Amino acid sequence: MVSSASFIKSLSSFEDYEKSGIEIVFLGRSNVGKSSLINSLCNNKKLAKSSSTPGKTRLINLFDVRIKDDENLHNFIFIDMPGFGYARVSKALKRIWDKNLDEFLKLRKSIKLFIHLIDARHSDLELDDFVRKYLLSLMNERQNLLTVFTKADKLNQSELHHLKSKAQEDFLLVSNTKKTGLKDLENKILQLTLE
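Reading the values: rules and limits
Residues numbered from 1 in each chain as written. Predicted model: local features only at pLDDT ≥ 70, side-chain atom pairs only at ≥ 80, totals over all residues. Heavy atoms only, no water. UniProt positions renumbered as here; feature names shortened; annotations may be inferred. Helix = DSSP H or I, 4+ residues; strand = E, 2+ residues; numbered from the N terminus. Buried < 20%, exposed > 50% of the residue type's maximum accessible area, 1.4 Å probe, protein only. Contact = heavy atoms within 4.5 Å. Areas by Shrake-Rupley, 256 points an atom, 1.4 Å probe, with all protein chains shown as cover. Pairing = 2+ DSSP bridges. Axes fitted to C-alpha atoms, helices over the stretch in contact; angles between N-to-C directions. Patch = residues over 30% accessible without salt bridge, like charges linked within 9 Å, V, L, I, M, F, W, Y side chains within 5 Å. Salt bridge = Lys/Arg side-chain N within 4 Å of Asp/Glu carboxyl O. Core = buried A, V, L, I, M, F, W, Y, C linked by side-chain atoms within 4.5 Å. Polar contact = N/O pair within 3.5 Å; in protein donor to acceptor, adjacent residues only side chain to side chain.

- In the annotation of an unreviewed UniProt entry, the protein chain is listed under the name Probable GTP-binding protein EngB and assigned to Campylobacter avium LMG 24591.
- Quoted verbatim from the Sequence similarities (unreviewed entry) field of the UniProt record, the comment on the protein chain reads "Belongs to the TRAFAC class TrmE-Era-EngA-EngB-Septin-like GTPase superfamily. EngB GTPase family."

Looking at the overall build of the protein chain
At step 1: What the protein chain contains, in helices and strands, is five helices and seven strands.
At step 2: Element order for the protein chain, N to C, with α for helix and β for strand: β-β-α-β-β-α-β-α-β-α-β-α.
At step 3: Looking at the protein chain residue by residue over its 195 residues, the buried ones come to 45%.
At step 4: Counting contacts in the protein chain only where the partners sit at least 6 residues apart, residues at least 24 apart contribute 71% of the total.
At step 5: Surface accessibility of the protein chain: about 10,700 Å² in total, with carbon and sulfur atoms responsible for 48%.

Some points on the pairing of strand S3 (residues 60-69)
At step 1: Counted residue by residue, S3 has seven buried out of 10 residues, so it is predominantly covered.
At step 2: Pairing analysis gives eight bridges linking strand S1 (residues 2-11) to S3, with the strands arranged antiparallel. Bridging across to S3, Ser6 finds its partner in Asp64.
At step 3: Where S3 lies against strand S4 (residues 72-80), nine bridges are found, and the strand directions are antiparallel. What sits directly across from Asp64, in S4, is Ile77.
At step 4: Turn length for the S3-S4 hairpin, with the two strands adjacent in sequence and antiparallel, is two residues, and the turn residue Asp70 shows positive phi of about 55°.

Some details on the sheet that holds strand S7 (residues 171-173)
At step 1: Spatially, seven strands are ordered S1-S3-S4-S2-S5-S6-S7 in an open sheet, and the strand pairing comes out mixed. Sheet topology places S1 and S7 at the edges, where each strand pairs with a single neighbour. Ignoring which end each strand starts from, the neighbouring axes of this sheet average 25° apart.
At step 2: Seen against the sheet, helix H3 (residues 126-138) touches strand S2 (22-28), strand S5 (111-119) and strand S6 (144-150) and runs at an angle of roughly 170° to S5.
At step 3: Running over the sheet, helix H5 (residues 182-194) touches S1, S2, S3, S4, S5, S6 and S7 and is turned about 150° from S5.

Some details on a nonpolar patch on the surface
At step 1: Taken together, the side chains of Leu125, Leu127 and Phe130 make up a nonpolar region of the molecular surface, amounting to roughly 260 Å² of accessible area.
At step 2: Following the sequence through the fold, Leu125 ends up in the loop between S5 and H3.

Focus on the nonpolar core
At step 1: The biggest cluster of nonpolar side chains holds 27 residues, and the ones touching the most others in it are Phe78, Ile115, Leu185 and Ile189.
At step 2: Looking at this core, the elements with two or more residues in it are S2, helix H1 (34-42), S3, S4, S5, S6 and H5.
At step 3: Other than its neighbours up to four places away in sequence, Phe78 contacts Ile24, Phe26, Ile38, Leu41, Cys42, Asn61, Leu62, Phe63, Val65, Ile67 and Ile189.
At step 4: In this structure, Val25, Ile79, Leu101 and Phe114 belong to the second largest nonpolar core, which totals 18 residues.

What to know about the environment of Tyr134
At step 1: For Tyr134, the location among the structural elements is in helix H3.
At step 2: Sequence separation between Tyr134 and Asp102 is 32 residues, and the spatial gap between their C-alpha atoms is 9.8 Å.
At step 3: In this structure, Tyr134 is in contact with Asp102, Leu105 and Lys106, ignoring residues within four places of it in sequence.
At step 4: Only 2.6 Å separates the side chain of Tyr134 from the side chain of Asp102, close enough to count as a polar contact.

Structure, rendered in structure tokens:
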């Protein structure tokens, strides 16, 4: 379980930082629930700031997170990336923004796990497929990718069955509202980063 979590700093582009820990990137479309999921995992509603305006968050936010596993305490750096798929930004800003995010993900070789969040209600979007392929293209052999479908509580049983039957890889279902799937996600984080 998470024993402590605190904000480290915000970055606008790639740069080194002093805090050490196992690095985990959370990324997904705007309004997919990245910040809310981080807050739920860390049991702190005020840790990661979420915006009601999709695409407003433009900084890479870093958090120092300690997770206790049996008798061991593990140090993680949770990295909350700005959402992609935003519409209300200028093309010039979007080019700079995309370049900075691309540079960060490619140069930050110490990232151990990419958690790709997808809205369970919109699981067939071309943008998410593109992001998955993009991540696979830049990952090294020491990195892992985990797909997590958010807002699972919004699906009925038929929609849930359909989602499970068409998924091509291992995935997890979570709901910040119902607090479901969080323990499974925490266990999967430990499994994929400590193995």
